[in-house]
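Inside the fold
One-letter residues, chain by chain:
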Amino acid sequence: MTTLKLSINNKSYQFEDLDPRTTLLDLCRHQLQITGPKKGCDHGQCGACTILINGQRVNSCLTLAVMHEGDEITTIEGIGLPETLSDLQKAFLRNDAFQCGYCTPGQICSATALIEEIKQNWPSYVTEDLTQPNALMAHEIAERMSGNICRCSAYPNIIKAITEVLEKQIQQNQQPQNQVDFSNEALSSAVTDIWSPPPSEAQLKSPPAQTDQHSNSPNPNTANRPQPTGINS
């Protein structure tokens, strides 16, 4: 008989003869009635099942429960309940950062880990200065949250909510040697619409298209062509 012990939301659970194929998501939802993590795609592509394992975000639909004995597992219920909301949960409410709410638990779990990653100066794919990531840029947050899909397209307000909490926590915890740029230039990417990715290298290298349709320079294809007679110029 095999016994599995797990710590979920600071509570200890013990399971006897658990099917080793059971995912952490199914264990939480079907055996423990911890229904905050949602089953969306069940392929690790939507992020609705995101939870925290030892502080790092993980797609719980892709990880087996038997792999995590001794780990600290946190779901949205462990981050905050209605009477004890976290700062990030309150920011989501203030900024209307959700609509149907199905993806919201995963979004908040992912954003909670994102903030801790930024505090440790972890770079992302779009980080320009690896020694000093400018985490308050909209495209930085969008890239770091790209594993969490919102089918209601609440992305602008999700980024606003994360930015609000992130700015406050960075200002409180930043060290003198790890200053973050809070200048107007750094914050100029205020989220007013859905963020669009920067142009690719091929787009930057391509010559600009000619837009002046009223140029006086002759067209080389027609400059020497004889004009038909009997037509007033």
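In case you missed it, the structure is sitting above this.
The present account deals with the structure reproduced in this document. (Residues numbered from 1 in each chain as written. Predicted model: local features only at pLDDT ≥ 70, side-chain atom pairs only at ≥ 80, totals over all residues. Heavy atoms only, no water.)

**Overview of the pairing of strand β3 (residues 50-53)**
On any regular strand, side chains alternate: one points to one face of the sheet, the next to the other face. Definition in use: Throughout this description, buried means an accessible area under 20% of the type-specific maximum (1.4 Å probe, protein chains only), exposed means over 50%, and partly exposed covers the range between. A run of DSSP states H or I qualifies as a helix once it reaches four residues; a run of E qualifies as a strand once it reaches two. Both are numbered from the N-terminal end. In this scheme, strands are said to pair when DSSP sees at least two bridges between them.
What you see with β3 is no split at all: Thr50 and Leu52 on one side and Ile51 and Ile53 on the other are buried throughout. The pairing of β3 with strand β4 (residues 56-59) spans 4 bridges and is classified as antiparallel. When the bridges of β4 are listed, Thr50 appears paired with Asn59. Between β3 and β4, which pair antiparallel in sequence order, lie 2 residues; one of them, Asn54, sits at a positive phi of approximately 55°. In this sheet, strand β5 (residues 72-74) lies alongside β3 in antiparallel orientation, the contact comprising 2 bridges.

**Topic: the environment of Glu116**
Here Glu116 shows up in helix α4 (residues 104-119). The class for Glu116 is partly exposed, based on a relative accessible area of 37%. Separated by 60 residues in sequence, Glu116 and Gln56 have C-alpha atoms that sit 8.9 Å apart.

**Regarding unusual backbone geometry**
A positive phi angle, near 50°, is found at Asp17, a position not held by glycine. If you check the backbone angles, Asp96 has positive phi at about 55° while not being a glycine.

**Topic: helix α3 (residues 87-94)**
Worth spelling out the cut-off: Arc, as used here, means the arc of the directions from the helix axis to the C-beta atoms.
Leu88, Gln89, Ala91 and Phe92 are the residues of α3 that are buried. The arc that holds the buried residues of α3, viewed along the axis, is 160°, so those residues lie on one side. Exposed positions of α3 whose direction lies more than 90 degrees from the buried face are Leu93 and Arg94. The positive-phi residue at the C-terminal boundary of α3 is Asp96, with phi of around 55°.

**Some thoughts on the side chain of Thr163**
Rules: The contact criterion used throughout is that any non-hydrogen atoms of two residues lie within 4.5 Å.
If you trace the backbone, Thr163 turns up in helix α6 (residues 155-173). Apart from the residues within four sequence positions on either side, Thr163 is in contact with Leu136 and Ile141.

**Quick notes on the nonpolar core**
Quick reminder of the rule: Side-chain atoms within 4.5 Å are what join buried Ala, Val, Leu, Ile, Met, Phe, Trp, Tyr and Cys residues into a set we call a nonpolar core.
With 29 residues, the main nonpolar core has Leu88, Phe92, Ile158, Ile162 and Leu166 as its most contacted residues. Apart from residues lying up to four places away in sequence, Ile158 is in contact with Phe92, Ala97, Gln107 and Cys150.

**Quick look at the pattern of salt bridges**
Cut-off, in case you're wondering: A pair is scored as a salt bridge if a Lys or Arg side-chain nitrogen falls within 4 Å of a carboxyl oxygen belonging to Asp or Glu.
This structure, assessed with the given rule, holds 7 salt bridges. Among the ionic pairs, Arg21 bridges to Asp19, the shortest N-O distance being 2.8 Å. When its relative accessible area of 67% is taken as the criterion, Arg21 is described as exposed. Taking the relative accessible area as the measure of exposure, Asp19 reaches 29% and is therefore partly exposed. Note that Glu117 is salt-bridged to Arg57, the shortest N-O span being 2.9 Å. Placement of the pair is Glu117 in helix α4 and Arg57 in strand β4, with a sequence separation of 60 residues. In this structure, a network of salt bridges that share partners links the residues Asp26, Lys39 and Asp42.

**Here we look at the packing of α3 against α4**
For the record, the criterion: The axes are straight lines fitted to the C-alpha atoms, using for helices just the contacting stretch, and the angles between their N-to-C directions are given from 0 to 180°. When describing relative orientation, an angle under 35 degrees is termed roughly parallel and one over 145 degrees roughly antiparallel, while 65 to 115 degrees is termed roughly perpendicular and anything else oblique. Definitions for this section: a left-handed crossing has its near helix turned counterclockwise from the far helix by less than a right angle. A right-handed crossing has that turn clockwise. In this classification, Asp, Glu, Lys and Arg are treated as charged, Ala, Val, Leu, Ile, Met, Phe, Trp, Tyr, Cys and Pro as nonpolar, and every other residue, Gly included, as polar.
As a packed pair, α3 and α4 sit with axes 10 Å apart at the nearest point and diverge in direction by 125°. Overall, the two elements α3 and α4 adopt an arrangement that is oblique. Crossing of α3 against α4: the hand is right-handed. From α3, Leu88, Gln89 and Phe92 reach across to α4, where they touch Thr104, Gln107, Ile108, Ala111, Thr112 and Ile115. Broken down by class, the residue content of the contact of α3 with α4 amounts to 5 nonpolar, 4 polar and no charged.

**Description of the sheet that holds β5**
Reading across the sheet, the 5 strands line up as β2-β1-β5-β3-β4 and stay open at both edges, with mixed pairing between neighbours. Taken across any chain shown, the strands that pair with only one partner, and hence form the sheet edges, are β2 (11-16) and β4. Adjacent strand axes in the sheet meet at a mean angle of 40° when their direction is disregarded. Contacts from helix α1 (residues 24-31) reach β1 (3-8), β2, β3 and β5 within the one sheet, and its direction differs from that of β1 by about 85°. Across the sheet, α4 touches β3 and β4, and the angle it forms with β3 is around 40°.

Geometric descriptors of this kind do not, in isolation, establish any biological role.
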